[in-house]
Every structure is written in C-alpha cells, then in structure tokens.
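# Coordinate inspection notes
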Amino acid sequence: MKRCILLFFIFICAFSRAQDISKQKQLDAKRTSKTPRIDGVLDDECWINVPIATDFIQIRPNPGKVETKDRRTEMKVLYDDVAIYVYARMYDHPDSVLHELVSRDDIGNADFISIIVDPFYDKMNGNGFFVTAAGVQFDAKYSQVGDEDPNWNAVWESAVKLDDQGWTCEMKIPYSALRFSGKDVQNWGLNFSRRIQRSNTQTFWNFVDPKVNGFINQEGLWVGIKDIKPPLRLSFSPYISGYINHYPVNLPGVKNTTSRFNGGMDVKYGINNSFTLDMTLVPDFGQVQSDNRILNLTPFEVKFNENRQFFTEGTELFNKGDLFYSKRIGSIPSYYDYSGVGNDKIIKDQKEAKVLNATKISGRTAKGLGIGIFNAVTNSMETEVEDAQGNTRLIETQPLTNYNILVFDQSLKNNSSATFINTNVLRQGSAYDANVSALLFNLNNKSNRYFVNGGAKMSYLRGEETSTGYSYTFRFGKQSGNFTWSYNQVYADNKFDPSDLGFFTNNNFLDQRIGFGYNIYKPGKWYNQFESWLNLTYSRRAIPAAYQKVGLNGGYWVRFKNLWSAELDVSWDGKSNDFYEARNGQLYHTPENYGISLYINPNRAKAYNFGGNIRFFEQQLFKGKMYNFYFFQNLRLNDKVAFGLDLNFNPSYNYVNWVTAQGDKAIFSRYDRRTVENSFDAKYTFTNLMGVTVVLRHYWSDRRNKEFFILKPDGNLTDYAGVPLNGLDRNYNVFNIDLIYTWQFAPGSTLSVSYKDAAETYDTFYTQRYGKNLGNILNSPQNNSLSVKVLYYVDYLDLKKKRKKS
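Quantities reported herein were computed from a predicted structural model and do not represent experimental measurements.

### A closer look at the overall build of the chain
Scanning the chain from terminus to terminus reveals 3 helices and 44 strands. Overall size of the chain, expressed as C-alpha extent along the three principal axes, is 90 × 80 × 55 Å. Counting every atom, the chain has about 38,600 Å² of accessible surface; 56% of that belongs to carbon and sulfur. Placing the 94 positive and 83 negative side-chain charges of the chain at their respective mean positions leaves the two points 5 Å apart.

Spelled out as structure tokens, the structure:
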C-alpha cells in the first residue's frame, strides 16, 4: 500500500511539473527613472528589486528539462520613455564559455543570450535581439509558424563581460527599432533564449516545445507596460562609393582601367505606429558576394541566392506564395530582346540592369492586417555590336522596367492567415507586361496540430499576344507531435507563367505528394535527437493529360551524444515521360533512377572539425553512374582567426541527356562529366565591430560526349547517323576572389573596402586534368575591381537632440 501511495505521489509530482512547464510565464513590467550604463557590468542601482526571469527550460538536447543551478540564467527588463533595457546573468564555468569573434549578424562558435518581443502580442510576429559572449550582435524578425528573417537589421546597443561566475550582458533597445501601439497600458509577448555552444544546449524562459508547430506562439508575457508612445521613426543612411576596375580588353579606343563614383541614400520612415517606409535611392550593390555560377546542363534556369540586403531585409510579406524572386530586379532580368542584333557581332553585352530606386512600405495593423507595397525601377540595358564593316552601335536589349508588388495578409486565430498578393511588371515600349495574382490561405486548429493551406494563382501576360494561366495548391496534414504527415497537390496549366518577377521552372503539371515523418526529441541511450521521413510523389502532365513520373524517397537523421550528426537518404524514380528535356516539347522516355546518400556533420564547437557526404546515383539506361564526394574542414586558430576549406568532386559516367537541336530534331548524347568545386575562406575579426573576410572559389565542369542519338517521335532514342557532330563538348571554368573589410565606426554606420577578382572561360574542350584547368583560368583575362564605400546612419531624433543642445 505504501509503495502504491509513493508511486501515486511521484506520478502527481511529475504531472504537476509537466503542467508547470506548459503554463505560460509572466513577467511584470517595471518603469525606471534612471537608465543603466550599457557596459555589461550589472551594478547599476536601477536593477535592484526588478522582477527576475529564470528557470529556463531546454528545447534541446532534452526538451522540458529545467536548467541546473550552476548553469542558471537570470534576466531582468526595464523600460522608460525611449527604450527597453535588458539585464542578463549567465552562470557558467568561465573557461567553458565560448566566444568566437565574427562579423555582425553571425553567431559563430559562441554562446549567446537573446530577448524576443512581440509588441502587438498577436503570437505571430516578433523581433529578436541576440548578443554572443564575444559581444557580437545578431537581430532577426519572426513571422507566423516561426520563420526567421536574419536580414532584418536595427540599431541598438549592447555590451558583455566575462567574470568568475560566467558572463553578463546589457542591452538598450530603443523604441525606434520596434513597432507597437500607442495604448496607455500594453502587454507584450516576451521570451528569452540562451545557448551553451559546447553542449549544443538551448533553453527558453517560456518553454518552446519542439513537437508543437511554431515559435512565437509559444511565448511568455510581459504585463503592465504603461504610458509609452511610439517615437517618430525617421533615419537616413547616405553613402558614397568609388570603384576602380581593370579588365585587359586590349582594344583600340577601349580603356583597360575605368573608374566611377556613386552616391545615394537609404531612408527609413515610420509612417505610423505600424507601418514603415524603406527606400533606397540610386543604390550601390557592387560589394555583395559573387554568384556561384555553374555549368547548367538542365533545361531549367539556375536559382541564385540573393545577397543584396535591401531585397532580403523585411520581405516576409512579399515572399508570400513564392511569387517574388528578387534577382529579377537588376541582377537576372527575365526579358532580353536580341532581335536587333541580326548577324552583327556582340562586342559588349550588358547582363545586369541598374536599379534606379526601390521602395517598400510594410506593416501590420492592430487588428492583424498586414499590408505590403513594393516598387522598384531598373534602367534599360544596352548591348554593343559590330557589323561586317567594323561599325559599332548600341542596341536596347531590355527597356526601362517597373516592378510592383501589393500584399494584404490578414492574421486569423490559431496562427492562421488569409492573403492576397499581386505582382506586376511594366516595361517601356512594345515589350510585353506581366501580372500575377494569388489568393492564399493557411488554417490551423486550436492546438496547432492540424492544418489546411493552399491558394489559387493567375498569371496574365499582355503584349502583341495575351496569355492567361492558372495554378492552385492544396495541402493538409498533421504538423505537431512526434508523428506528422501531409498531403500536397499542385496544379499549373500550360499557360501559367509567374517568372517575370518570380522563379518558375515549368508549368503544365499536376503533382501530388504524400509524406510521413516520425521524430524523437527526447534523448535516448546513444542519441540526442532522431528524425525519419518517407515521401511518395506522383506527377502527370495537365494538358493533354499524360503520366510524367513517380518517385519514392526516405531517410533518417540522428544527432549523437557526442554532438556529431548523420543523415541517410534513399531515393527511387521510376521510368518517366519527360516533356522538357528535349527543349521542343517532344516526349522523352527517361530510364529508372535510384540513389543513396550519406551525410556526416561534426561537433562545430571543436576548434578543428570536418565532415562531408558521399552520394551515388544510377541511371538505368547504359548503366549511367554519378558520384559525389564532398569534404569540408574548418579550423579556428583562436577567437579572431578561422579558416575553411570545401572540396567537392562530382564525376558521372555514361549519362544521357539532350545536347543540341538539328532542325526540329532533338539530339541526345551519352557522355562523361567531371565537376570539381573548391572554395577557401578565411576571416580575421579585429573586434566585434571590425573584420576582414576572403573567399576564393574555383569551379570546373566539363562534358565529354561519347555517342549521339536522335530522339524518335515515340520518345525513345536511336543511333545518330547524320553528319559528324563537332564542337559539342564543354569545358567551363570560373574563378572568383571576394575580399571584404568592414568597420562599423558608429551605430548603423559602416566603412567597407572590397576587392574582387573574377574570370570565366567557356571552351568546347580543353583538358581533363584539373591542374591544367586551374592554370588556364588563372592565366586567362581577369576582371579586377577595388571599391570603397562609406555609409553613415543618421537618426532624426538624435540629430534633433543635438541641435537643441547646441
């Protein structure tokens, strides 16, 4: 009987503890009349008798476990008329605290502390402010279902100190960095997070259950904030930049060395408590990292990452529905008109349009209506050509273009939403215009366990000919818990085309997918976390209806006790009907394929770590085989100096794909290919405000044709017996150096110096030896540029105060 009572008592205690973990925590707000000095030393009088947030709870590696006393965290928050102030004490062994110096908006190999606030307390949108033990700042915006936007930047203050009890941090977050209402009494959503890097431990003040979908919706509450008013949010960031560029054109009348100067300004203006205008006038994007170009043998466009901050910061509204590919604006336009070139020789081809200006207006009302307005204008592009008599002239290949986006996004209960988005591209002159609209919905039940989402889209192209296309997406399933599943269906007719401002490879399909997942978040005897998945896909052509493909893939991912992780993927694609590979709409019967991949990732907290993957794929026709061997290693000499090396070798043998067209006939080839991509990066960080980074990349890929075929009307291949086909081998090399020095000499103000070296060769064939390819690209003409850019941040309120004092 006593044993039963004891077991019952233990059960009740455990159940009560679980209830405590799931209960929303609250912290009383306290106003201060004395502001703390932001120096990381927690001895300011104002911190006395302030409510403490402690007893943080792990999300990993052991979800639900409360932090121990010797690793406890203590947080305090104060506010006044201009800012909120944060006190943080992280107890730990001083020698165990990791504090690598990296550039702003990076974490590196370091512990961190953060505060996440949701000023409108809608449980869908928030702002996070992170500080590492090295004093490096990282800030991010959060939207519904936990999406993080690390490109969002604010101007705020922080300082850290390491002492014999661990480390401390203080922050000052001005109201100009936030959006909130003007109510007399407010409650804000609030959470704190801490990471201990050496053990990959992350804790939250208010428990964030990894089995529950979403992050902001699992926040705590900061109650009783009184009499604060949103300030005028107005800032200017004027810049000047200068460039020197050298390329050995070595042509009469053409300079090998050129120079130019630019000037412009970024403006941020708080239209009201909820909405902000962001504008860039005559922007300069010349210092962003180079695109990683590759030899593309597929019929589809390659998608590159966006590195321009204006087009990545605060764009969560505009990314709804996957209709916005910002590289279309200036970098990779969708429209070129070479009809005026004729038989003339192209001397100089402009591939990027100058962005003249860009504007964003975005925000969310107190009733949850998000509104976004985006506009950008790019200048026309011109190509220089030379006729048979040696006369040169300029031809406009892209007109002056105006890009627009309009978004209405209504937040609903239970992290749900309904969205309307429209994108519009207007081109000057006779070139066609494009318009795409979408209605989207995302619905979750009260427990956030089940969901239904989807949308309907329509594209309209207007020019000499008009075209209207339609698409829809429908998805439902279970998104929380250890076991999850989903069903997804996507349809696009043969005229749907959102590619003028979006990224879209092909239309005319009906795709279906059903997926299952099973995840274990509680550590076992030999692992910390375990995930598994299985997906079945089936695709048909829409018009006229026809089978396209079927596939199955699954895998496992596990994080071990030593913080290494491994992933095993297996895939199978059955025989399919490919309507795109031939480039002329003709059917191609593709063979059965299967693959297996193994990925290994190390404990990144170690000063030296390495990992990589091995992948194998087989194409059943001609027993084509593809291998991929990837190896990376990272070395940190100390908190300031680090190196990285990535080696990727991807050979394939006896693969078959399209190679060229001969009239209306598609020619395929059996070929061997080697791809080698090596990159080296290094960084030296002087302080948390100054550092230099360098990235070197060499990419080589070839195609060596061995046998040619003609694609027959029935979709099968037959031996080619026509005139000899020459000049169809490919040997592509690209080499880049990106060296950038940055110094944040004042809050929000930076000096940056950039050196770039770029070379590219595209030959019919050179050599199979890697060393000779590297030597060839290094000895080819190099495009070298050196630039200096100074951007100065001016806050109107600070400027106004200084004028009053003077």
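Still to come is the rest of the account.
### Description of the packing of aromatic side chains
All chains considered together, the criterion is met by 51 aromatic pairs. Between Y588 and F668, the aromatic rings sit 4.6 Å apart at their centres with planes inclined by 45 degrees, giving tilted as the arrangement. Here F668 lies in strand β38 (residues 665-687) and Y588 lies in strand β33 (residues 588-590), a separation of 80 residues in the sequence. For the residue pair Y588 and F668, the accessibility class agrees, reading buried in each case. Each residue in the set F285, F310, F311, F318, F324 and F374 is aromatic and connected to the rest through ring pairs, giving one cluster. It is R541 that lies over the ring of F579; its NZ or CZ is 4.0 Å from the centre. The ring of F622 has R670 sitting right over it, with the charged end atom 5.6 Å from the ring centre.

### Observations regarding helix α2 (residues 770-779)
Considered for burial, the residues of α2 that qualify are N773, N776 and I777. The arc that holds the buried residues of α2, viewed along the axis, is 95 degrees, so those residues lie on one side. Counted as exposed and oriented over 90 degrees from the buried face of α2: G771 and N779. The elements touched by buried residues of α2 are β39 (690-711), β41 (730-746) and β42 (749-763).

### A look at the side chain of Q619
Position of Q619 relative to the elements: it lies in strand β35 (residues 608-619). Apart from the residues lying within four places of it in its own chain, the contact partners of Q619 are P591, E592, N593, G624, N654, Y655 and V656.

### Remarks on the environment of G595
As for its position among the elements, G595 is in strand β34 (residues 593-601). A relative accessible area of 4% places G595 in the buried class. Between the C-alpha atom of G595 and that of N577, which follows or precedes it by 18 residues, the distance is 19 Å. Apart from the residues within four sequence positions on either side, G595 is in contact with D569, V570, S571, F616 and F617.

### So, the sheet that holds strand β20 (residues 381-386)
Paired through their backbone hydrogen bonds, the strands of a sheet run either parallel or antiparallel. The sheet built from 3 strands is open, its strands ordered β17-β20-β21 with antiparallel pairing. Sheet topology places β17 (345-349) and β21 (392-398) at the edges, where each strand pairs with a single neighbour. For this sheet, the mean inter-axis angle between neighbouring strands, taken without regard to orientation, is 35 degrees. Bridging between β17 and β20 involves 4 bridges; their strand directions are antiparallel. Residue K348 lies in a different strand from β20, and its bridge partner there is E384.

### Looking at the sheet that holds strand β4 (residues 83-91)
Within the open sheet, the 4 strands sit side by side as β3-β4-β10-β9. Their pairing is antiparallel. On the outer flanks of this sheet lie β3 (73-79) and β9 (157-163), each paired with one strand and no other. Across the sheet, the axes of successive neighbouring strands diverge by a mean angle of 10 degrees, strand direction being ignored. As judged from the 7 bridges shared by β3 and β4, these two strands associate in the antiparallel manner. Looking at β4, one finds that V77 is bridged to V86.

### Looking at the state of the cysteines
Any covalent bond linking the sulfur atoms of two cysteines counts as a disulfide. Under the defined criterion, the tally for this structure stands at 0 disulfides. Cysteine C169 is unpaired, with the sulfur of C46 as its nearest cysteine sulfur at 14 Å.

### As for the pairing of strand β18 (residues 355-364)
For β18, the buried fraction is high: 7 of the 10 residues fall into the buried class. Where strand β16 (residues 275-281) lies against β18, 7 bridges are found, and the strand directions are antiparallel. The residue of β18 that forms the bridge with M279 is T359. Across 9 bridges, β18 lies against strand β19 (residues 369-378) in antiparallel orientation. In the strand pairing of β19, R364 is matched with G370. Counting the residues that bridge the hairpin from β18 to β19 gives 4 residues, and of these G368 lies at a positive phi of roughly 90 degrees.

### A word on the environment of I600
Tracing the backbone shows I600 in strand β34. Excluding residues that lie within four positions of it along the chain, I600 makes contacts with W564, S565, A566, G611, G612 and F632.

### Regarding a nonpolar patch on the surface
Among the surface-exposed residues, F483, I514, F516, Y518, L534, L536, L552, W572 and Y594 lie close enough to one another that they form a single nonpolar patch of about 770 Å² accessible area. Looking at the nonpolar patch, the elements that each hand over two or more residues are β28 (509-520) and β29 (527-541). Counting residues per element, the nonpolar patch draws most heavily on β28, which supplies 3 residues. Assignment of secondary structure puts F516 in strand β28.

### Focus on the pattern of salt bridges
Going through the model one piece at a time under the given rule, you end up with 33 salt bridges. Ionic pairing is found between D349 and K351, a salt bridge with its closest N-O pair at 3.2 Å. The class for D349 is partly exposed, based on a relative accessible area of 26%. Put simply, K756 and D738 hold a salt bridge, and the shortest N to O gap is 4.0 Å. Pair noted here: K756 is in strand β42 and D738 is in strand β41, with a separation of 18 residues, a long-range link. Of the two residues examined, K756 and D738, each falls in the buried class. Residues participating in the shared-partner salt-bridge network are D70, R71, D92, R194 and R198.

Definitions and cut-offs
Per-chain numbering applies: the sequence of each chain, read as written, is numbered from 1 onward. Thresholds applied to this predicted model are a pLDDT of at least 70 for local features of residues and 80 or more for the giving and counting of side-chain atom pairs; totals over whole chains, interfaces and linings are not thresholded and use all residues. Excluded from the side-chain calculation are hydrogens and water; included are all heavy atoms of the structure. By definition, any uninterrupted DSSP run of H or I lasting at least four residues is a helix, any uninterrupted run of E lasting at least two residues is a strand, and each is numbered from the N terminus. Each accessible area is a Shrake-Rupley result for a 1.4 Å probe, and residues are judged covered by the shown protein chains and nothing else. For the purpose of charge, His is not counted, nor are the chain termini; Lys and Arg are scored as positive and Asp and Glu as negative. Each charge is placed at NZ for Lys, CZ for Arg, CG for Asp and CD for Glu. We call Phe, Tyr and Trp rings a pair once their centres come within 6.5 Å, taking the six-membered ring for Trp, and we label the pair stacked below 30 degrees between planes, edge-to-face above 60, and tilted otherwise. Note on exposure labels: buried denotes an accessible area under 20% of the residue type's maximum, exposed denotes more than 50%, and partly exposed covers the range between, all computed with a 1.4 Å probe on protein chains only. Charge-over-ring placement is defined geometrically: NZ (Lys) or CZ (Arg) within 6 Å of the ring centre, and within 35 degrees of the ring normal. Arc definition: directions from the helix axis to the C-beta atoms. By the convention used here, residues are in contact when the closest approach between their heavy atoms is within 4.5 Å. A pair of strands is labelled paired if DSSP reports no fewer than 2 bridges between them. Note on geometry: axes are lines fitted to C-alpha atoms, helical ones only across the stretch in contact, with angles between N-to-C directions running from 0 to 180 degrees. Put simply, a disulfide is two cysteine sulfurs that come within 2.5 Å. By definition, no residue in a patch forms a salt bridge, and every one has over 30% relative accessible area; like charges are joined within 9 Å, nonpolar side chains (Val, Leu, Ile, Met, Phe, Trp, Tyr) within 5 Å. The working definition used for a salt bridge is a side-chain nitrogen of Lys or Arg within 4 Å of a carboxyl oxygen of Asp or Glu.

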